[in-house]
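# Chains, contacts and geometry: an overview
For reference, the chains in residue letters:
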Amino acid sequence: MPEDVKAMLIANIKRRLTPQPIKIRADVDVSCYSYQGIDAVKNALREAKKFGSADFPMTISLIAPPQYTIQTTSLEKKEGIDRCNKAVEAVRASILAAGGRLAVKMEAKATTSRDEEELARHLATMAAENNEVDGDED
C-alpha cells in the first residue's frame with residue numbers, strides 16, 4: 001500500500017473514531033414562596049454550577065418559571081450523569097433549606113437529538129403563548 005494512501009486512511013480513521021461529547025440533561029421545577037423567594041431559587045441554581053468544570057461544563061437554562069434544565073456535556077456518560085445528579089441534589093438541599101421545593105420532572109439522562117428537538121419545540125410553544133395578541137389590554 002502506498003504511504004500517502006496509508007497516511008490518508010489512518011487520518012480518516014482517527015477522525016471518525018474520536019469520541020463525541022454526550023449531552024446530559026435533568027429537568028427540575030424549583031420554587032420558593034418564602035420571604036427569600038427568587039433569591040433562594042437563584043442561589044440554589046448557583047449551587048449546581050459548582051459541579052461544573054472545564055471537562056464538564058454545567059449550564060442551567062430557564063424553560064418557564066418554575067421549570068429549569070440542568071445540562072452538561074461529557075465524554076464519559078456515567079460520570080456526567082453522576083455529576084448532574086449531584087448538582088440536582090445540591091439544588092434540592094439549598095432550596096429546601098430556604099423553605100422552597102424542588103420537583104424532578106426528568107432524571108438526569110443522556111439526551112438524543114430527538115430530545116433536543118422536543119425541548120426546542122416546547123420553548124417555541126411557550127414563547128408563542130407568551131406573545132401579546134389583540135384584546136390583551138381588556
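All figures in this text were calculated on a predicted structure; none of them were measured in a lab.

Time to look at the sheet that holds strand 4 (residues 101-110). Think of a sheet as strands paired side by side through backbone hydrogen bonds, with each pair either parallel or antiparallel. Across the sheet, which stays open at both edges, the four strands sit in the order 2-3-1-4 with antiparallel pairing between neighbours. Two strands close off the open sheet at either side, each with one partner strand: strand 2 (58-64) and strand 4. In this sheet, adjacent strand axes meet at a mean angle of 20° when their direction is disregarded. Taken together, the eight bridges between strand 1 (residues 22-31) and strand 3 (residues 67-74) define a ladder with antiparallel strand orientation. Note that in strand 3 the partner of Ile22 across the bridge is Ser74. Contacts from helix 2 (residues 38-49) reach strand 1, strand 2 and strand 3, with the element oriented near 145° to strand 2. On the sheet, helix 3 (residues 77-97) packs against strand 1, strand 2, strand 3 and strand 4 and is oriented at approximately 175° with respect to strand 4.

The rules we used
Residues numbered from 1 in each chain as written. Predicted model: local features only at pLDDT ≥ 70, side-chain atom pairs only at ≥ 80, totals over all residues. Heavy atoms only, no water. Pairing = 2+ DSSP bridges. Helix = DSSP H or I, 4+ residues; strand = E, 2+ residues; numbered from the N terminus. Axes fitted to C-alpha atoms, helices over the stretch in contact; angles between N-to-C directions. Contact = heavy atoms within 4.5 Å.

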